[in-house]
Amino acid sequence: MNQQKRIEILTRLRDNNPHPTTELNFSSPFELLIAVILSAQATDKGVNKATDKLFPVANTPEAIYALGVDGLKEYIKTIGLFNSKAENIIKTCKDLIEKHNSQVPEDRAALEALAGVGRKTANVVLNTAFGHPTIAVDTHIFRVANRTGFAVGKNVVEVENKLLKVVPAEFKVDVHHWLILHGRYTCIARKPRCGSCIIEDLCEFKEKTDV
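Before going into details, it helps to say that this report is about the structure given with it.

Reading the values: rules and limits
Residues numbered from 1 in each chain as written. Predicted model: local features only at pLDDT ≥ 70, side-chain atom pairs only at ≥ 80, totals over all residues. Heavy atoms only, no water. Phe/Tyr/Trp six-rings, centres within 6.5 Å; stacked < 30°, edge-to-face > 60°. Lys NZ or Arg CZ within 6 Å of the ring centre and 35° of its normal. Core = buried A, V, L, I, M, F, W, Y, C linked by side-chain atoms within 4.5 Å. Buried < 20%, exposed > 50% of the residue type's maximum accessible area, 1.4 Å probe, protein only. Helix = DSSP H or I, 4+ residues; strand = E, 2+ residues; numbered from the N terminus. Contact = heavy atoms within 4.5 Å. Salt bridge = Lys/Arg side-chain N within 4 Å of Asp/Glu carboxyl O.

**Here we look at the packing of aromatic side chains**
Next, step 1: Taken as a whole and assessed by the stated rule, the structure comprises one aromatic pair.
Next, step 2: Summarising the aromatic geometry, the rings of Phe171 and Trp178 are spaced 6.3 Å apart at their centres and angled 65° between planes, so their arrangement reads as edge-to-face.
Next, step 3: Positioned above the aromatic ring of Phe205, the side-chain terminus of Arg147 is 5.2 Å from the ring centre.

Pasting the structure below:
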């Protein structure tokens, strides 16, 4: 795909949704961090149901740490992998209290050193909580980038590096959200909704649908 096409795609996505954000409910960097840890292999909707009950009771590292693993599980047991997530979150809260003055660090290495936090989670927190021009590549972004021809790569790191290279600075902060939402609602996994897609004429996918 040529750069002119990419810029047109990004321009249309921006015109359609000028101020995109995550669909996870949060009101602080810490709440976002916990929500993103919980969102691995789970839906944002499912995570929001759990955190809507958890955060009014405990939304600081100290408060969640005080719940303990078993106490936290009661709030998140509807979410997949809740046992390991509860243990990771309690470890993360302990580290935030002891090493970061109970604040979420605005630093990739420090974030990735926390339990349950990988590259994707760190990218989401840096981007959404702190406004860094990072691009977290999840399954939706990986699919959209490859299927459209926008940024082809064999794995998430390749796609991330390609996106960082080809996305102009003015679009970098928001591109992560545009591509996720596009993959979640339009360029869906089984049968993309090409007939209602605002970038259908620019997309290089060969097997377009009429839906």
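Alright, that's what it looks like, and here's the rest.
**A short note on the nonpolar core**
Next, step 1: Ranked by size, the top nonpolar core spans 32 residues in total, and within it Leu33, Ile64, Leu72, Ile89 and Leu111 carry the most contacts.
Next, step 2: When contributions to this core are tallied by element, the ones reaching two or more residues are helix H2 (29–39), helix H3 (44–54), helix H4 (61–76), helix H5 (82–99) and helix H7 (119–128).
Next, step 3: Looking at this core element by element, the count peaks at eight residues for H2.
Next, step 4: Listed in part, the 23 residues of the second largest apolar core include Phe171, Trp178, Ile180 and Cys197.

**Here's the deal with the environment of Asn88**
Next, step 1: Relative to the helices and strands, Asn88 is located in helix H5.
Next, step 2: Its relative accessible area of 23% is what places Asn88 among the partly exposed residues.
Next, step 3: The contact partners of Asn88, leaving out residues within four places of it in the chain, are Ala115 and Gly116.

**Structural notes on the pattern of salt bridges**
Next, step 1: One pass over the structure, following the stated rule, counts 11 salt bridges.
Next, step 2: Between Lys99 and Asp95 there is a salt bridge, with its nearest N and O atoms 3.6 Å apart. On the criterion of helical spacing, the pair formed by Lys99 and Asp95 is a turn pair, its members being four residues apart in helix H5.
Next, step 3: You can call Lys99 exposed: its relative accessible area is 59%.
Next, step 4: A relative accessible area of 18% means that Asp95 is categorised as buried.

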